[in-house]
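# Per-entry structural report
Residue-level listing of the chains:
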Amino acid sequence: MASLWTTDEKGFMQRALDVAERGRGRVSPNPLVGCVLVKDGEVIAEGWHDHLGGLHAEQMAIHDAESNGHSSNGAIAYVTLEPCNHFGRTPPCTESLMWAGVKEVIVAHYDPNPTVRGKGIQVLQDAGIQVRQGLLEAEAAIQMRPFLHWCQHRHPLVTVKMAVDTLGSVDDRSLEAQRFTSEVCLDHVHALRKECDAVLVGVETVVRDNPQLTVRRVETERQPLRVIIDPNQRTPEDAILLNDEHQTLVMGKEFNSLPALLNLLGDQEIQRLMVEGGPTTIGNFLDQGLVDEFYLIHSKATHQQPVASNIDSERLSSAGLSHTGTENWGDETVHLWTRL
Ligand code: AOF
Ligand code: ZN
């Protein structure tokens, strides 16, 4: 079947997806959204949802057109998410688009938010604006995956990060707790943490590493909620997690059932949870089929007294994950496994 969309149209929506990236790590629990306004085949303005509480993408694009001396009247808006039709942190984008005189709106992905669902497109059509939906929809779905996942399930997308040595070991018992991956790799880990609303470890990790679990190596305006699974109250009183200025939740034995914990986090609008625990905690998430993404970091180090990760391709596959990519993070090779 011939493509419904022209190359130019795809290019404009791709640009909307690209500008949406500027909000990454800054907009949760809202999705990343981008918008470009096109007139006579030229982009006259662009906008994105920049930070929580900031303008929505469409409104920023309309504003951008005005400040560049362009009129939005008669423009086509390419927007990665169905425009909202509700008064929330901002007034409805549907009204802004109408007032701006936009003649057509092309949408990548519908908005599954129950207060918006379907109505945004309907309202625009009722106002005589042509609307087409579905352009680069799959790409938009990947970009806003935690938001879509949370709208559907009301609990967070679970992203696991685990580093192993050449033997598949996560730690060296012969040494004090220490990092065995490169500095550049650590930068990537912090960038990934920044995209997550919460970071979880088991109490073993707190006892052994006394970690901070904050975002430090990349710029950020907020810190993730830290979560410790600690059924037997073993978190040391002087643990950094309990004594710095950031928030930590200690989950006791009533949260031995992980789905209940995920629901509780979902209620707090935690849309993406990073699990950085040791083999026991990560194994529990895997065995219960609760992992959506797994970053397996392969270091070139070899431990003297290895602690087995018990993670291999077979275990990841049987937890419902597929190998979807390989990246280099400094000296390390990272295999990404994803629930498709
Ligand atoms: C849009 N354009 O750029 C975004 C939208 O609380 P609010 O007012 O910021 O609304 C958040 C909801 O609006 C969010 O859950 C999602 O449904 C939609 N986000 N909509 O038209 C945007 N970020
Ligand atoms: Zn909006």
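None of these values were measured; they are calculated from a predicted model.

Across its full length, the protein holds 12 helices and 15 strands. Here the protein has a C-alpha radius of gyration of 22 Å; the compact-globule value for 340 residues is 20 Å, and the two agree. Over its C-alpha atoms, taken along the principal directions, the protein stretches across nearly 70 × 40 × 35 Å. In the protein, which comprises 340 residues, the proportion classed as buried is 51%. Expressed as a percentage of contacts within the protein between residues at least 6 apart in sequence, the contacts between residues at least 24 apart total 73%. As displayed, the protein offers around 16,000 Å² of accessible surface, 48% of which is attributable to carbon and sulfur atoms. In the protein, which carries 29 positive and 47 negative side-chain charges, the distance between the mean positions of the two groups comes to 1 Å.

Spatially, 5 strands are ordered E2-E1-E3-E4-E5 in an open sheet, and the strand pairing comes out mixed. Every other strand in the sheet has two partners, leaving strand E2 (42-48) and strand E5 (130-133) as the edge strands with one partner each. On average, each strand axis in the sheet is inclined to that of its neighbour by 20°, with strand direction left out of account. As paired strands, strand E4 (residues 104-109) and E5 are joined by 4 bridges and run parallel to one another. In the strand pairing of E5, Val 105 is matched with Val 131.

With that settled, the discussion passes to the packing of helix H3 (residues 93-100) against helix H4 (residues 119-126). Closest axis-to-axis distance for the H3/H4 pair is 10 Å, and the angle between their directions is 25°. When the axis of H3 is compared with that of H4, the two are roughly parallel. Classified by chirality, the crossing of H4 by H3 is right-handed. Taken together, the residues of H4 that come into contact with H3 (itself represented by Thr 94, Leu 97 and Met 98) are Gly 120, Val 123 and Leu 124.

Its domain assignment divides the protein into domain 1 (2-150) and domain 2 (155-338). The centre of domain 1, based on its C-alpha atoms, is set 34 Å off from the matching centre of domain 2. Roughly 1,300 Å² is buried in total at the junction of domain 1 and domain 2, and carbon and sulfur atoms are behind 48% of that figure. Of all residues in domain 1, Arg 145, His 149 and Trp 150 bury the most surface against domain 2, accounting for 44% of the area lost on that side.

Bringing the nonpolar core into the picture now. If you look at the biggest cluster of nonpolar residues, it comprises 41 residues, and the most contacted ones within it are Met 13, Leu 37, Tyr 78 and Val 105. The leading source of residues in this core is strand E3 (residues 76-81), at 5 residues. In this view, Tyr 78 contacts Glu 9, Phe 12, Met 13, Ala 16, Gly 34, Cys 35, Val 36, Val 38, Ile 106 and Leu 135; residues no more than four positions away in its chain are not counted. With 32 residues, the next largest nonpolar core counts Met 162, Ala 198, Ile 229 and Leu 321 among its residues.

The rules we used
Residues numbered from 1 in each chain as written. Chains lettered and ligands numbered in written order. Predicted model: local features only at pLDDT ≥ 70, side-chain atom pairs only at ≥ 80, totals over all residues. Heavy atoms only, no water. Helix = DSSP H or I, 4+ residues; strand = E, 2+ residues; numbered from the N terminus. Rg over C-alpha atoms; globule rule 2.2 N^0.38 Å. Buried < 20%, exposed > 50% of the residue type's maximum accessible area, 1.4 Å probe, protein only. Contact = heavy atoms within 4.5 Å. Areas by Shrake-Rupley, 256 points an atom, 1.4 Å probe, with all protein chains shown as cover. Lys, Arg positive; Asp, Glu negative; His and termini not counted. Charge placed at Lys NZ, Arg CZ, Asp CG, Glu CD. Pairing = 2+ DSSP bridges. Axes fitted to C-alpha atoms, helices over the stretch in contact; angles between N-to-C directions. Parallel < 35°, antiparallel > 145°, perpendicular 65-115°, else oblique. Left-handed = near helix turned anticlockwise from the far one by under 90°. Domains from an automatic or database assignment. Buried area = accessible area lost by both parts, 1.4 Å probe. Core = buried A, V, L, I, M, F, W, Y, C linked by side-chain atoms within 4.5 Å.

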